[in-house]
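Residues per chain, in single letters:
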Amino acid sequence: MCYNFKNKTSQSHPATELRIVLIGGRYNDFPSGKSSAGNFILGQNVFNTSRRTAQSEARQQEVFSRRVTVVDTPGWWWTWPRENTPKLDQIEIQNSVHLCPPGPHVFLLVIPVSLYFSQRVKASLKQHLELLNADVFSHTIVLFTAVDPCSDETVESKIRRSPVLQWILQQCGNRKHFLNISNREDRDQVKKLLEKIETLITNNGFRHCSVDRSQGETLRKEMRDLTERASKRFDQVQKQRNKLKLQIEGRLGVTLFEIICNISYSVCG
Ligand SMILES: Nc1nc2c(ncn2[C@@H]2O[C@H](COP(=O)(O)OP(=O)(O)OP(=O)(O)O)[C@@H](O)[C@H]2O)c(=O)[nH]1
Ligand SMILES: [Mg+2]
């Protein structure tokens with residue numbers, strides 16, 4: 001059992017520890033805003049939002065008297081099948097649950113409010129969530145994000161007009177929260193989110209998402225192997241480039257020498 005009670009009578013924040021994994025995809029240059037949401041939740045810029053997240057990372061902070069761990073992950077392409085997601089990204093997504101032992105309480109599926117979802121998102125989402133655990137949906141809250149001012153009514157009308165969003169919410173037991181990430185002063189948004197997470201934990205019988213520890217070992221080995229292979233390939237390519245450069249320089253030297261000889265011959269007769 002991973003769940004600690006601070007005080008059973010304290011209804012406002014019964015949990016002392018919350019472990020969160022952020023997941024989501026991207027459309028072209030439109031990211032889902034996972035790292036931004038992670039920074040917002042923790043109240044500090046601990047995740048880099050100026051470049052794409054290549055590795056899953058865990059950060060911890062005390063937030064509203066809870067010890068909150070947030071794991072940020074690489075995004076996939078919302079409409080692409082999993083086979084199109086780089087193997088290393090898939091391993092990093094899988095590894096995310098091992099970065100908050102003994103396992104996450106909740107997955108936050110981060111979706112920008114302004115995004116339009118086509119039907120292809122469904123299959124891609126299912127395939128990518130299979131990387132995590134069999135029952136991810138029962139531990140997931142949909143986190144709608146926006147950088148511009150946006151009312152709850154706008155979010156609701158967006159959902160009403162999108163059959164795919166309705167399907168996703170249905171899979172997640174209609175659990176959702178809206179975060180305006182440009183309004184970082186409004187910490188009440190985070191407090192309400194933490195309360196929703198605690199309600200989910202209570203409804204899940206205080207069970208966190210189960211994690212296969214032996215899989216963690218296998219993943220770490222796979223990552224080491226992939227990184228080693230990539231580094232070897234990089235060395236080989238460097239060597240080939242240097243060899244080619246020398247050949248070209250040598251060839252250029254010969255050509256220059258021939259040109260100079262020809263010029264001197266024609267000048268001197
Ligand atoms: N317009 C718009 N911009 C956003 C939204 N969410 C995040 N951004 C901006 O997009 C940039 C990248 O956001 P991130 O939070 O790093 O996105 P991410 O999901 O972590 O992206 P990956 O790590 O590549 O998967 C930041 O400058 C954000 O301010 C959104 O909902 N709408
Ligand atoms: Mg990121």
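Every value quoted in this text rests on a predicted model; they were computed, and no experiment measured them.

S.K.: Go over the pattern of salt bridges with me, naming the residues and quoting the values.
M.R.: Tallied over the entire structure, the rule returns twelve salt bridges. Notably, a salt bridge pairs D89 with R52, separated by 2.7 Å at the nearest N-O pair. Note that D89 is positioned in helix α2 (residues 87-95) and R52 in the loop between α1 (34-42) and β4 (57-63), a separation of 37 residues in sequence.

S.K.: Explain the coordination of the magnesium ion (ligand 2) to me, using residue names and the numbers behind them.
M.R.: Bound to the magnesium ion (ligand 2) on the protein side are S35 (OG) and T53 (OG1), at distances that span 2.0 to 2.1 Å. Of this pair, S35 sits in helix α1 while T53 sits in the loop between α1 and β4, and the two are 18 residues apart along the sequence. Comparing S35 with T53 shows no difference in burial state: the two are buried.

S.K.: Explain the domain arrangement of the protein chain to me, and be specific about the residues and the numbers.
M.R.: One can read the domain layout of the protein chain as domain 1 (17-211) and domain 2 (213-269). Put simply, the middle of domain 1 and the middle of domain 2, counted by C-alpha atoms, are 43 Å apart. Residue-level contacts link eight residues of domain 1 with eight residues of domain 2. Counting the surface lost from both domain 1 and domain 2, the interface buries some 800 Å², and carbon and sulfur atoms represent 62% of this. Per-residue buried area on domain 1 facing domain 2 is highest for I91, N95 and H98; these three make up 53% of the total on that side. Taken together, domain 1 and domain 2 are joined by one salt bridge. A salt bridge links E222 to K87; the nearest nitrogen and oxygen atoms lie 3.8 Å apart.

S.K.: Kindly report on a nonpolar patch on the surface, identifying the contributing residues and their values.
M.R.: Judged by side-chain polarity, L256, I259, I260 and I263 come together as a nonpolar surface patch covering roughly 380 Å² of accessible area. Tracing the chain through its elements places I259 in helix α7 (residues 213-268).

S.K.: Quick rundown of the nonpolar core? Include the residues and the values.
M.R.: By size, the foremost hydrophobic cluster in this structure holds 36 residues, and its most contacted members are W78, I111, F117, L125, F144 and I168. Mapped onto this core, the elements with two or more residues apiece are β1 (17-23), β7 (106-112), α3 (120-129), β8 (140-146), α4 (152-160) and α5 (163-171). For this core, the element with the highest residue contribution is α5, accounting for five residues. Filtering out sequence-adjacent residues up to four positions away, F144 remains in contact with I111, V113, V155, I159, L165, L169, K176, H177, F178 and L179. Formed by 24 residues, the second largest nonpolar core is a distinct cluster that contains I41, I181, I197 and L200.

Rules of the game
Residues numbered from 1 in each chain as written. Chains lettered and ligands numbered in written order. Predicted model: local features only at pLDDT ≥ 70, side-chain atom pairs only at ≥ 80, totals over all residues. Heavy atoms only, no water. Salt bridge = Lys/Arg side-chain N within 4 Å of Asp/Glu carboxyl O. Helix = DSSP H or I, 4+ residues; strand = E, 2+ residues; numbered from the N terminus. Donors = N, O, S within 2.8 Å, 3.2 Å for Na, K, Ca; no water. Buried < 20%, exposed > 50% of the residue type's maximum accessible area, 1.4 Å probe, protein only. Domains from an automatic or database assignment. Contact = heavy atoms within 4.5 Å. Buried area = accessible area lost by both parts, 1.4 Å probe. Patch = residues over 30% accessible without salt bridge, like charges linked within 9 Å, V, L, I, M, F, W, Y side chains within 5 Å. Areas by Shrake-Rupley, 256 points an atom, 1.4 Å probe, with all protein chains shown as cover. Core = buried A, V, L, I, M, F, W, Y, C linked by side-chain atoms within 4.5 Å.

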